[in-house]
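Here's the letter readout for the chains.
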Amino acid sequence: MHEKFRIVPYREHPQYVSQALSFEAESFPKYIEEDAVWADISPHFYDEFADFQFFVVDETNHQLVGVCNCVPFNWSGDPDQLPSYHQMLTDALKDWRAGRQANTLSPVQAIINPVYRGQGVSQLIFAEAARLSRAQRMTSVMVAVRPTLKDQYPLVPIEEYARWRRSDGQLFDPWLRAQERIGSEMIKPVAASTVIEGAIADWERWTGMKFPASGEYWLPGGLSTLTIDLENNIGRHCEPHVWYRLSGDDA
């Protein structure tokens, strides 16, 4: 299955970046791209963190199959001390600039070309992340997973949703199921892993919706609801993630 796919480090083939960025724009809601923390950190993927970025390419036609953006960060190993997604990104850049050696690698974004989904590409990506962490003498690979189908159940707490299983015993969510299939360990869900705030006009522009009253709103593509506060002219959306530790990362 994987014979035709090849891992390509960013430094060797930077020409794939523009296509990778288009994948990103097509894969997430507009408000995710407008997140201030993400906007601040993501330009550093191909700068300070260039050694941690890679692509998957189809050798039969040289098409981009997938992209994985990783950042190094420090974690004590205590589940209670796992940061939110936002905090992890912020701390990663601070520690890097301060010269502090990281002990954990996090694939913060793994995107697969829809044409190639269901062909084992995710397993290939996470195996490469584990290999990269060992090459960098790190002890863990931690993934803050954004569940694929959670947007269909925005009112269900992530702690409950992450445990849902199908009648065949497998996890309900496809992306969580993929983690379990490769032997990754679920560490803990985080309800407010990414917190996105903006003025009402910003949210109307990002979503194409109108918000005539304060309250909770369904959000296109949102894993939870959007809280609108007209009096203070602010909308707040908390995205949940589920932390997984990849198998084989400490081998």
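The structure displayed is predicted, hence computed values, not measured ones.

A. Representation of the overall build of the protein chain. Per the secondary structure count, the protein chain includes 8 helices and 9 strands. Relative to its length of 251 residues, the protein chain is compact, with a C-alpha radius of gyration of 18 Å against a globular reference of 18 Å. Buried residues in the protein chain amount to 50% of all 251 residues. Summarising the internal contacts of the protein chain: among those between residues at least 6 apart in sequence, 71% fall at separations of at least 24. Total accessible area on the protein chain is roughly 11,800 Å²; 49% of this is exposed by carbon and sulfur atoms. The average position of the 23 basic charges and that of the 34 acidic charges among the side chains of the protein chain differ by 4 Å.

B. The arrangement of the nonpolar core in detail. Ranked by size, the top nonpolar core spans 48 residues in total, and within it Phe55 and Trp243 carry the most contacts. Here this core gets 7 residues from one element, more than from any other, and that element is strand β3 (residues 63–73). One finds Val141, Val143, Val145 and Trp175 within the second-largest nonpolar core, a separate group that totals 17 residues.

C. Broad picture of the packing of helix α5 (residues 121–135) against helix α7 (residues 174–181). Between α5 and α7, whose axes approach to 10 Å, the crossing angle comes to 60°. Judged by the inter-axis angle, α5 sits oblique to α7. Two packed elements cross with a definite hand, and for α5 against α7 that hand is right-handed. Taking contact as the criterion, the partners of Ser122, Gln123 and Phe126 in α5 are, on α7, Trp175, Ala178, Gln179 and Arg181.

D. Structural view of the packing of aromatic side chains. By the definition in use, this model includes 18 aromatic pairs. Where tryptophan 38 meets phenylalanine 45, the ring centres are 5.3 Å apart and the plane angle is 70°; that geometry is what we call edge-to-face. Like phenylalanine 45, tryptophan 38 is buried. Aromatic side chains phenylalanine 49 and tryptophan 96 sit 5.4 Å apart centroid to centroid with 75° between the ring planes, which places their arrangement in the edge-to-face category. Here the residue phenylalanine 49 occupies a position in the loop between α3 (36–41) and β2 (53–58), and tryptophan 96 occupies one in helix α4 (residues 85–97), the gap between them amounting to 47 residues. On the basis of relative accessibility, which here comes to 0%, the residue phenylalanine 49 falls in the buried class. Within the aromatic cluster, the residues linked to one another by ring pairs are Tyr153, Tyr161, Trp164 and Phe172. The ring of tyrosine 161 carries the charged tip of lysine 150 above its face, separated from the ring centre by 5.9 Å.

E. Local environment of the state of the cysteines. Scanning the model with the defined rule gives 0 disulfides in all. Its sulfur unpaired, cysteine 68 is 3.6 Å from the next cysteine sulfur, which belongs to cysteine 70.

F. How the structure looks around the pairing of strand β8 (residues 226–229). Of the two faces of β8, only the one carrying Leu226 and Ile228 is buried; Thr227 and Asp229 on the other face are not. As judged from the 3 bridges shared by strand β7 (residues 215–217) and β8, these two strands associate in the antiparallel manner. Across the sheet, residue glutamate 216 finds its bridge partner in β8, namely threonine 227. As paired elements, β8 and strand β9 (residues 234–245) share 4 bridges and run antiparallel to each other. Residue pairing for β9: isoleucine 228 is matched across the bridge by glycine 235. The turn joining β8 and β9, which pair antiparallel and follow one another in sequence, is formed by 4 residues; a positive phi near 55° is taken by asparagine 233.

G. Structural detail: the pattern of salt bridges. Per the counting criterion, the structure on display carries 13 salt bridges. Lysine 30 is paired through a salt bridge with glutamate 34; the nearest N and O atoms lie 3.3 Å apart. Judged by its relative accessible area of 30%, glutamate 34 falls in the partly exposed class.

H. Molecular detail of the pairing of β3. Most of β3 sits inside the fold, with 10 of its 11 residues counted as buried. As judged from the 6 bridges shared by β2 and β3, these two strands associate in the antiparallel manner. When the bridges of β3 are listed, valine 56 appears paired with glycine 66. Counting the residues that bridge the hairpin from β2 to β3 gives 4 residues, and of these histidine 62 lies at a positive phi of roughly 65°. When β3 meets strand β4 (residues 104–112), the two strands line up antiparallel, connected through 8 bridges. Bridge pairing in β4 links cysteine 70 to proline 107.

About the thresholds
Residues numbered from 1 in each chain as written. Predicted model: local features only at pLDDT ≥ 70, side-chain atom pairs only at ≥ 80, totals over all residues. Heavy atoms only, no water. Helix = DSSP H or I, 4+ residues; strand = E, 2+ residues; numbered from the N terminus. Rg over C-alpha atoms; globule rule 2.2 N^0.38 Å. Buried < 20%, exposed > 50% of the residue type's maximum accessible area, 1.4 Å probe, protein only. Contact = heavy atoms within 4.5 Å. Areas by Shrake-Rupley, 256 points an atom, 1.4 Å probe, with all protein chains shown as cover. Lys, Arg positive; Asp, Glu negative; His and termini not counted. Charge placed at Lys NZ, Arg CZ, Asp CG, Glu CD. Core = buried A, V, L, I, M, F, W, Y, C linked by side-chain atoms within 4.5 Å. Axes fitted to C-alpha atoms, helices over the stretch in contact; angles between N-to-C directions. Parallel < 35°, antiparallel > 145°, perpendicular 65-115°, else oblique. Left-handed = near helix turned anticlockwise from the far one by under 90°. Phe/Tyr/Trp six-rings, centres within 6.5 Å; stacked < 30°, edge-to-face > 60°. Lys NZ or Arg CZ within 6 Å of the ring centre and 35° of its normal. Disulfide = S-S within 2.5 Å. Pairing = 2+ DSSP bridges. Salt bridge = Lys/Arg side-chain N within 4 Å of Asp/Glu carboxyl O.

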